[in-house]
Amino acid sequence: MKKTWKLKPSVLKKLKVAGIVIAVFLVVFSYINSEKNSLKKLGYSNQAISSIVQKWQIGAVKEIGENKTVNAAFESKDYVQDNLQVYKKVTYQKQKDLIKNINKLIKKGYKANEISMILAHGNNEDVSAFAKRKKVKYLEQYFSIPYAKLKNYDRYVAYYDKEREDAETTVLHVNMDFDQEEYTNPIKIDTFSEDVLVNKHRMLTEKFVPKQLKEVPSEYLKNKNDEIMVHQSVLSAFKRMMQEALKDGKHILINSGYRSYQDQLDTMELYREAYGQNYVDNYVAKAGFSEHQTGMSIDVASQDVSIFVESEEYGWMMDHAYEYGFILRYPKSKEEITGYKCEAWHYRYVGIKAAKYIHDHNITYDEYYMMFLEKNS
Ligand SMILES: [Zn+2]
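Residues numbered from 1 in each chain as written. Predicted model: local features only at pLDDT ≥ 70, side-chain atom pairs only at ≥ 80, totals over all residues.

## Some details on the overall build of the chain
Stated precisely, the cut-off is as follows: A run of H or I in DSSP counts as a helix once it spans at least four residues, and a run of E counts as a strand once it spans at least two, with each numbered from the N terminus. Radius of gyration here is computed from C-alpha atoms only, and the compact-globule reference equals 2.2 Å multiplied by the residue count raised to the power 0.38. Counting other C-beta atoms within 10 Å of its own, a residue is labelled buried from 20 upward, exposed at 12 or fewer, and partly exposed in the gap between, with every C-beta atom placed from the backbone. Contact between two residues is assigned whenever their backbone-derived C-beta positions fall within 7 Å.
Helix and strand content of the chain: 18 helices and 8 strands. Here the C-alpha radius of gyration of the chain, 33 Å, is well above what a compact globule of 377 residues would show, namely 21 Å. In the chain, buried positions account for 33% of the 377 residues. Across the chain, the fraction of contacts at a sequence separation of at least 24, relative to all contacts at a separation of at least 6, is 56%.

Here it is in C-alpha cells:
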C-alpha cells in the first residue's frame, strides 16, 4: 500500500506563518547590519552603535554623519535624547565627564558654541566646576582669547573692575598672577625644561637642577678663574654669538651662569650681612626665584669696559642677541611686567624662534610663555 505524506491544513498554515516571520527577521537583521556598518564607517564605536540601535537613532545619526561628540554621547550613560541636536554642534574634547557637563551647561542656558568655548579653556575638573555655577556674563569677552583659563574667570572680572584694562591684557595679567602678591603662594617647579619660566610667582625648588650643564671655557669668561656652568645649548649659542660680535669688533664675555639653590641661599646671607634686609628685598632674587637656577641665563660683560651699559657691547647685544636666541630678560620698558629693575647684562636663552618673536613684538618672556607655552590647565 502506497503511503502519501500529507500535512494537515492547520499545520501547513503554521509553517507558512513561521516562514514569513523568519523572512522578515532576516530582512530586518541584514538591514540593521548594513546600517551598523555604515555607522562604523562614519567612525562610531561598537559601544556607541549598539546604543544608537537600541535608541532607534540610526537615521538621525546617519544624517549627522561623522561626529566625535555624538559618538561620545551615545557611549555615555548620561546621554539625553533632547540634547542630541546640541551635542552635534559642540566641538569634541577628550574629557571624562564631557556629556554630563554638556548636559549641565545646556541646563544653565549656554548655546552649543558657548559650550565649545567653555570646554576648550579648561580640563575636566575645571569644566565640572564651571558647569555648577550660574551662567556667566562675560563668557565670550574672555574665552575668545585662546590662552584664557576657565578657572580664572572670577579673577578676570575682578581685575577688570580694578584696572580697567582691555580683555586681552586682563587675561594675560591675571594668568601671570599680577593680581596676587609677589613671592606669596608661588607655583613650585621641580623638574627641568629648557623653556621653564621663573618669576616672582613661579619658583624653582631645591630639587630643580638643570640637565646638560657644561662648564664655560675660560676664554669666554670675564674673570678667567671663575668656574661657571650653563646649559649646553646656551654655551653653543653663546659661542656663535661671541664669534660674530668679534667680527664687529665687540668682545662679549660671560660673568655669571648657573646658580644652584644653595648658592642663592648663601648669596642672600652675604648680602644681608653686608647691606641689610632692605637691600636683599629689593635687589637680590630670593632663593628659588633666580632665573640663574635654570642654567639658561647668563650675565654678560664687555672685555674692556667695566660698566656694561657704557660699553659698545651693550648696544650690540640689544641689536643682535635675539638672532642667536638670547633675550634681554628684564628690559627698562618692562619693569612693570617682569617685576625686576632693568638688568642690562642679564640675558636668557630661549631659542631663535621665541627670541625673534619676543623681539619683533616687543614683549617679555613672561607674556610669551603665557601666550604660547603654558599648558591650558
Ligand atoms: Zn643675571
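## Focus: the pairing of strand E6 (residues 297-302)
Short version of the rule: In this scheme, strands are said to pair when DSSP sees at least two bridges between them.
Of all 6 residues making up E6, 5 are buried, and the element is well covered by its neighbours. As defined by bridge partners, strand E5 (residues 252-256) adjoins E6 across 4 bridges and the pair is classed as antiparallel. From the neighbouring strand, Ser256 faces E6, where its bridge partner is Asp299. Taken together, the 3 bridges between E6 and strand E8 (residues 346-349) define a ladder with antiparallel strand orientation. Opposite Asp299, over in E8, you have His346 as the bridge partner.

## Points about the nonpolar core
For the record, the criterion: We define the nonpolar core as any set of buried residues of the types Ala, Val, Leu, Ile, Met, Phe, Trp, Tyr and Cys, connected via C-beta atoms lying within 7 Å of each other.
Ranked by size, the top nonpolar core spans 79 residues in total, and within it Ile118, Val234, Val300, Ala321, Phe326 and Ile327 carry the most contacts. Here the element with the most residues in this core is helix H12 (residues 232-247); it accounts for 6 residues. The contact partners of Val234, leaving out residues within four places of it in the chain, are Met296, Ile298 and Tyr349.

## Some points on the domain arrangement of the chain
By a widespread convention, an interface's size corresponds to the accessible area lost as its parts come together. Quick reminder of the rule: These domain boundaries are the output of an automatic or database domain assignment.
Each assigned domain of the chain is listed with its residue range as follows: domain 1 (11-135) and domain 2 (187-373). Here the C-alpha centre of domain 2 lies 54 Å away from the C-alpha centre of domain 1.

## Observations regarding helix H11 (residues 167-175)
Residues of H11 that are buried: Thr170, Val171, Leu172, His173, Val174 and Asn175. Summarising the contacts, the buried residues of H11 are in contact with helix H9 (139-143), helix H10 (153-163) and helix H18 (365-373).

## Here's the deal with unusual backbone geometry
Residues other than glycine seldom take positive phi values, yet Arg164 does so here, at roughly 55°. Along the polypeptide, Arg164 turns up in the loop between H10 and H11. With 9 C-beta atoms counted inside 10 Å, the residue Arg164 sits in the exposed group. We note that Tyr183 has phi near 65°; this positive angle belongs to a residue other than glycine. Along the polypeptide, Tyr183 turns up in the loop between H11 and strand E1 (187-189). Classification of Tyr183 by C-beta neighbours within 10 Å gives partly exposed; the count is 14.

## Points about the packing of H10 against H11
Test applied: The axes are straight lines fitted to the C-alpha atoms, using for helices just the contacting stretch, and the angles between their N-to-C directions are given from 0 to 180°. Here is the rule for handedness: rotate from the far helix to the near one, and if that takes an anticlockwise turn smaller than a right angle the crossing is left-handed, while a clockwise turn gives right-handed.
Running from N to C, H10 and H11 point in directions that differ by 115°, and their axes come no closer than 9 Å. Here H10 runs over H11; the crossing is right-handed. In contact with Arg155, Tyr156, Tyr159 and Tyr160 of H10, H11 contributes Thr170, Val171, His173 and Val174.

## What about the sheet that holds E5?
A sheet is described by the order of its strands in space; here 4 strands give the open sequence E5-E6-E8-E7, paired in antiparallel fashion. Only two strands of the sheet have a single partner each, and these edge strands are E5 and strand E7 (326-328). Pairwise comparison of adjacent strand axes, ignoring direction, gives a mean angle of 45° for this sheet.

## What to know about helix H15 (residues 312-320)
Filter applied, for reference: To be clear, the arc concerns the directions from the helix axis to the C-beta atoms.
Within H15, burial applies to Glu313, Tyr314 and Met317. With its buried residues spanning 105° around the axis, H15 presents them on a single face. Along H15, the residues that are exposed and aim more than 90 degrees away from the buried face are Gly315 and Asp319. On the buried face of H15, the contacting elements are H12, E5 and E6.

## A closer look at the packing of helix H2 (residues 46-54) against helix H4 (residues 68-75)
Here is the rule: In what follows, roughly perpendicular refers to angles from 65 to 115 degrees, roughly parallel to angles under 35, roughly antiparallel to angles over 145, and oblique to any angle outside these ranges.
Two numbers describe how H2 lies on H4: the axes approach to 8 Å, and their chain directions differ by 70°. By the angle class used here, H2 and H4 are roughly perpendicular. Where H2 approaches H4, its residues Gln47, Ala48, Ser51 and Ile52 are matched on the opposing element by Asn71, Phe74 and Glu75.

## So, the environment of Glu125
Note that Glu125 resides in helix H8 (residues 124-132). Remark: the alpha-carbon pair of Glu125 and Lys151, spanning 26 residues in sequence, is separated by 9.4 Å.

## What to know about the environment of Leu328
Among the structural elements, Leu328 can be located in strand E7. Put simply, Leu328 and Leu172 are 156 residues apart on the chain and 20 Å apart in space, counted from C-alpha to C-alpha. When neighbours within four sequence positions are excluded, Leu328 is seen to be in contact with Met318, Ala321 and Tyr347.

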